[in-house]
Amino acid sequence: MKLSSKSKPYMIPEYSLTGDLLSYLTCGLQYRYQNKGTLPPSMPVQLWFGEFIHGVMEEAYLEWESKKTEFPWDWKKDIRPIEDIIDRRLQVRGLYPPANHFFTINHPDSELTIDDLNEYDHKKLASARAEKAINVWGADLFPLMDSAEVLIKGLRDMPYTKNDKRSKYYGINGVIDVLSLVNIKDDNKIVRYLKENKEFNKLAEKYGDDEYEIIIDYKGMKRPPNDVKGSNNENWDYHERQILTYSWLRQKQEDKKPIAGIIFYLNELVPSIEDLKLIKDDIHYHLTDVGDSKEYEKDIELIENWQDDDEMPKLSEKFKIDRSIRIIPIDDDKINEALEKFDDVVEKIETSIIKEINGSKIQDAWSAEGEERTCSACDFKTFCKNNKNKTKDFTIP
Ligand code: SF4
C-alpha cells in the first residue's frame, strides 16, 4: 500500500506597509535583525512619540465623540488625563517614555498648568505636541472622521525573484489612522487646505461629487525634505506611496475610491531642537515645498539666525501649521506606480530570505545600506560590516 505523503504547508508571506516595507528601505540588514530575527529594537524617542501621539489622537476623538467638548481643550483638565491613559497603556506593553521628553504619571509636580507647556522645555515636548495636535487639528478633523484604526489587507502576485519563489502571492496589510468623509462645501480648515491644492480640485471636478473619502495618517516626525524639482527624499516618496497603496486596498476591500490622502507631520507644530536644525538645512538648501517662499520671510530670517544653543525662535502659527499638513491627491496611474515600487521592495526582501534559506550568511544575504544617521542609532552597529560610523574592527558573529 502506498502511504500518502503530507502536503507541503502553504504559506503566503505577509508584508506590512510600515513595519516591513519602510523598515527595509531604511536598511535591509537592520530590518532582518529587527523584524525577522528575535532581537527587539531599543526604543528611540521617535518611535515612542509615534505610538504616543497616535494613541492620544484616537482617545481624544473617542472623548470628543461621547462628550462633544468645545475646542480649544484645556490641557490640564481635558488633555492631561488622556496622556496618562496612553502612557499607562504603552507602559503595559513595555514602552516607557524617554527621560526628558514627558512628565511621567507619578511626576511629583501635581500643579501643572498650560503655562508649563512651552517649546523650550523638552520635558514637556510630547505634551506640548499633544496639546497642539488636538487644538490645532482636532477641532476640524474630528467632525469629519468616519472611522479610526482601520485594518486593510490585500493580495498581490509575488514578483519575480532570481531564486525560487516561496509563494505565488504575497499579502500586503496596513492600518489607516483615520478614514474621513469630506464635503467640499463645508466650512472647515482641512477642507480649505484641500481646496488650495490644484490637483485635488482637478480630481474633484472630474468626479463631480460634493462628498469624498479622504485617508488620513499622523506622523510623529517633521516634514521630510523634498525637492520640488524631483529628486526627493526616500521618506517623502514613501509616505506618498503608503497613501496610494492604502487607497488601492480600500478599492479592493470596500469598493471605495478615496481621492486624496492627508498626512499630518505633528512635530512641525512644536519642533524640537533636532527638528529645527533639519528644518534650517531644508530651507537653506531649498529642499522643502513649504516654508521656503516670500510669505514666510520673517520665519526664514528667525530660523537662519538661530543657533543650536539659542532659545527656540518664535515662529508664526501659519508657518508651523502649513508645514504640518501635506495633501496627496490620488489617481490610478500614481497608484500603479506605487504598487510596482512595493513589488520591487518585496522582491528584494524575498531574494534575501531565499538566499538565507539556501545557506548564505545573514550579512551576505541582506544589503546593509543605512545612512550615517541611521547607523549611529542602530543596535547592530558594533558588528555590522557596513556601519558608516565604524571606528574599530569587530569580528562578525
Ligand atoms: S549599522 Fe548601519 S548599515 Fe549596519 S545594520 Fe545598522 S543601519 Fe544597517
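Look above for the structure.
Presented here is an overview of the structure given in this document. (Residues numbered from 1 in each chain as written. Predicted model: local features only at pLDDT ≥ 70, side-chain atom pairs only at ≥ 80, totals over all residues. Heavy atoms only, no water.)

1. Topic: a negative patch on the surface
(1) Moving on: Residues D146, D186, D209 and E211 make up a contiguous surface patch of negative charge.
(2) Moving on: Mapped onto the secondary structure, D186 falls in the loop between strand 3 (169–183) and helix 6 (189–195).
(3) Moving on: Relative accessible area serves as the criterion here: at 37%, D186 is assigned to the partly exposed category. (Patch = residues over 30% accessible without salt bridge, like charges linked within 9 Å, V, L, I, M, F, W, Y side chains within 5 Å. Areas by Shrake-Rupley, 256 points an atom, 1.4 Å probe, with all protein chains shown as cover. Salt bridge = Lys/Arg side-chain N within 4 Å of Asp/Glu carboxyl O. Lys, Arg positive; Asp, Glu negative; His and termini not counted. Charge placed at Lys NZ, Arg CZ, Asp CG, Glu CD. Helix = DSSP H or I, 4+ residues; strand = E, 2+ residues; numbered from the N terminus. Buried < 20%, exposed > 50% of the residue type's maximum accessible area, 1.4 Å probe, protein only.)

2. Focus on the site of the ligand
(1) Moving on: Lining the immediate environment of the ligand, one finds C27, L29, Q30, A368, G370, T374, C375, C378, K381, C384, N386 and N387.
(2) Moving on: Among the secondary structure elements, those contributing two or more residues to the shell around the ligand are helix 2 (28–36) and helix 14 (372–376).
(3) Moving on: The residue inventory of the shell around the ligand, partitioned by class, reads 6 nonpolar, 5 polar and 1 charged. (Near = heavy atom within 4 Å. Nonpolar A, V, L, I, M, F, W, Y, C, P; charged D, E, K, R; others polar.)

3. Examining the environment of I263
(1) Moving on: Turning to its location among the elements, I263 is positioned in strand 5 (residues 260–265).
(2) Moving on: Along the primary structure I263 and I216 are separated by 47 residues, whereas in three dimensions their C-alpha atoms are 5.9 Å apart.
(3) Moving on: Each residue touching I263, except ones within four places of it in the same chain, is listed here: D217, K219, H239, I243, S324, I325, R326 and I328. (Contact = heavy atoms within 4.5 Å.)

4. As for the side chain of D217
(1) Moving on: Positionally, D217 belongs in strand 4 (residues 211–219).
(2) Moving on: Since its relative accessible area comes to 3%, D217 is described here as buried.
(3) Moving on: Looking at D217, its side chain comes within polar contact range of the side chain of K219, at 2.8 Å.
(4) Moving on: With sequence-adjacent residues up to four places away left out, D217 is seen in contact with D177, Q242, I243, Y246, I262, I263 and F264. (Polar contact = N/O pair within 3.5 Å; in protein donor to acceptor, adjacent residues only side chain to side chain.)

5. Looking at the packing of aromatic side chains
(1) Moving on: Inspection of every chain in the model, using the stated rule, returns 18 aromatic pairs.
(2) Moving on: Ring centres of F71 and W73 lie 5.2 Å apart, and the angle between their planes is 5°; on these two criteria the pair is classed as stacked.
(3) Moving on: A relative accessible area of 21% means that F71 is categorised as partly exposed.
(4) Moving on: According to the relative accessible area criterion, W73 is buried, its value standing at 4%. (Phe/Tyr/Trp six-rings, centres within 6.5 Å; stacked < 30°, edge-to-face > 60°.)

6. Remarks on the pairing of strand 4
(1) Moving on: For strand 4, the tally of buried residues reaches 8 of 9 residues, placing the bulk of the element in the interior.
(2) Moving on: The sheet contact formed by strand 3 and strand 4 spans 6 bridges and is antiparallel. Paired with V182 across the strands is Y212, a residue of strand 4.
(3) Moving on: Pairing analysis gives 6 bridges linking strand 4 to strand 5, with the strands arranged parallel. (Pairing = 2+ DSSP bridges.)

7. Focus: the packing of helix 1 (residues 17–26) against helix 12 (residues 332–357)
(1) Moving on: As a packed pair, helix 1 and helix 12 sit with axes 10 Å apart at the nearest point and diverge in direction by 75°. Taken as axis vectors, helix 1 and helix 12 run roughly perpendicular relative to one another. For the pair formed by helix 1 and helix 12, the contact residues are L17, L21, Y24 and L25 on the first element and F342, V345, V346, K348 and I349 on the second.
(2) Moving on: Classifying every residue of the contact of helix 1 with helix 12 gives 8 nonpolar, no polar and 1 charged. (Axes fitted to C-alpha atoms, helices over the stretch in contact; angles between N-to-C directions. Parallel < 35°, antiparallel > 145°, perpendicular 65-115°, else oblique.)

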